[in-house]
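For reference, the chains in residue letters:
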Amino acid sequence: MNPVIGLDVAKGESQVQAYLERKKPYKKSFKVKHDLDGLASLLEFINKIEDISGERPPLVMESTGHYHTPVVQYFEEKGYLIIIVNPLISYKAKSSSLRKVKTDIIDANHLCELYYKEDLEPYKRRGIQLMYLRHLTRQHDNITCMFVQTKLQFQAVLDQIFPEYSKVYGDLYSDVTLKTLQAFPTSEDVLNTDIETLMTKIKEFCNSRSLQWANTQAEKLMTAAGQNPFRKTLYSSLALSLDMFINMLFEYKKHLSMLEYEIDVLAKSIEESKIIRSIPGIGEKIAATIISEIGEIERFNHPKKLVAFAGLDPSVFESGTFKGTYNRITKRGSSRLRQALYMAVKCAIRDCRKQKTTDEILPRNKRLRAFYDKKREEGKPFRVAVIACANKLLHWIYALLNNKTSFQDLD
């Protein structure tokens, strides 16, 4: 016999269907909760399958973000083989039927049938460190997106209260800038204060700078207040919103700083991250994102599989004598890995000075820049050339991680 258990995973529960062998389902499908009692009852059912078939059945389920995590953790500790299927593969298999019917019971059956039809690879657990690093980098990206949105909302409110304030400081979102604005949110507040008080406050907010600098900023602030078209805030709600957004910006900056510290400390303890950072143009944050998204390189037995995982492989369309010549990348893999590679390539091919004291300009990564220039000379548009470089970079990363060696650039 060749038994298998199909699990259609949902939030908090799974639909279970067992097969003893191909086209031989065992009993009716049923649901189990993702708590200890529910998983224990599922284990008892699996033990019955083992007794009947004489073999330990693998567990097949779709990748569902985090809903399948309790099931994976529970049965992985008990030594069961777990197969996590890409939803695209299972969707294609279900679409092959002429009947358009979708239920949890049918989905669980389809997963069992897919096990017999396809050569599915077993689930390979990521290391604890890499898993933790992936959570940190993803959380950093999510908070960065919220931080950017809050900046835009803050700027919109500031334009309705004190638009001239943006001319006072070089960085509108620095701590001293936000603290000064929180203390003097309107031009009326500034004009009703003397220059000495403004200077003292600014020096207090940025104690590392000189008193002369604080006096200069106070004069700029007074000038900006005099030129501001809004003497008073028309709506009190705008002042409340401004204060709220400033507090949110401070909180986001604090959390991002904590996450960056944690990412930096953890990445430095991972050998793979050090190897990737040896490639010119890849910094600590990008290296941490790349290695956390890839996981163990042993999961991929060929560089093309890693390229497909990143969604950088070209889509191919051929039918009869027709062959498509304009093929986009599939974008079916990890979007975060793809974005990190794109940024790494842009940093690597960018020109920079050899030393601050000289005017000699050299690319950060000579090998990648030479490949990029070659593609551009062939007539490839900028984005096409960058994607080709990202593909090349991923092949390098695969080779470096497999051989555990550092990158060697051109002299």
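Residues numbered from 1 in each chain as written. Predicted model: local features only at pLDDT ≥ 70, side-chain atom pairs only at ≥ 80, totals over all residues. Heavy atoms only, no water.

Q: What's the story with the sheet that holds strand β2 (residues 13-21) in this structure? I'm lost.
A: Whether parallel or antiparallel, the strands of a sheet pair through hydrogen bonds between backbone atoms. One open sheet accounts for five strands, arranged β3-β2-β1-β4-β5; its pairing is mixed. Each end of this open sheet is capped by a strand with a single partner; those strands are β3 (24-33) and β5 (82-85). Averaged over all pairs of adjacent strands, the angle between their axes in this sheet comes to 20°, without regard to strand direction. Pairing analysis gives seven bridges linking strand β1 (residues 4-10) to β2, with the strands arranged antiparallel. Along β2, the bridge assignment pairs G6 with Q17. Contacts from helix α1 (residues 36-53) reach β1, β2, β3 and β4 (59-62), with the element oriented near 165° to β3. Contacts between helix α2 (residues 69-77) and the sheet are confined to β1, β2, β4 and β5, with β5 contributing the most and set at about 155° to the helix. (Pairing = 2+ DSSP bridges. Helix = DSSP H or I, 4+ residues; strand = E, 2+ residues; numbered from the N terminus. Axes fitted to C-alpha atoms, helices over the stretch in contact; angles between N-to-C directions. Contact = heavy atoms within 4.5 Å.)

Q: For this particular structure, what's the right way to read the pairing of β2?
A: Consecutive side chains along a regular strand alternate between the two faces of the sheet. Counting buried residues in β2 gives seven out of nine residues, a clear majority hidden from the surface. Connecting β1 to the antiparallel partner β2 that follows it, the hairpin turn spans two residues, and G12 within it adopts a positive phi of roughly 85°. Taken together, the seven bridges between β2 and β3 define a ladder with antiparallel strand orientation. Across the sheet, the residue bridging to V16 is F30, located in β3. In sequence, β2 turns back onto β3 through a hairpin of two residues, with K23 there showing a positive phi of about 65°. (Buried < 20%, exposed > 50% of the residue type's maximum accessible area, 1.4 Å probe, protein only.)

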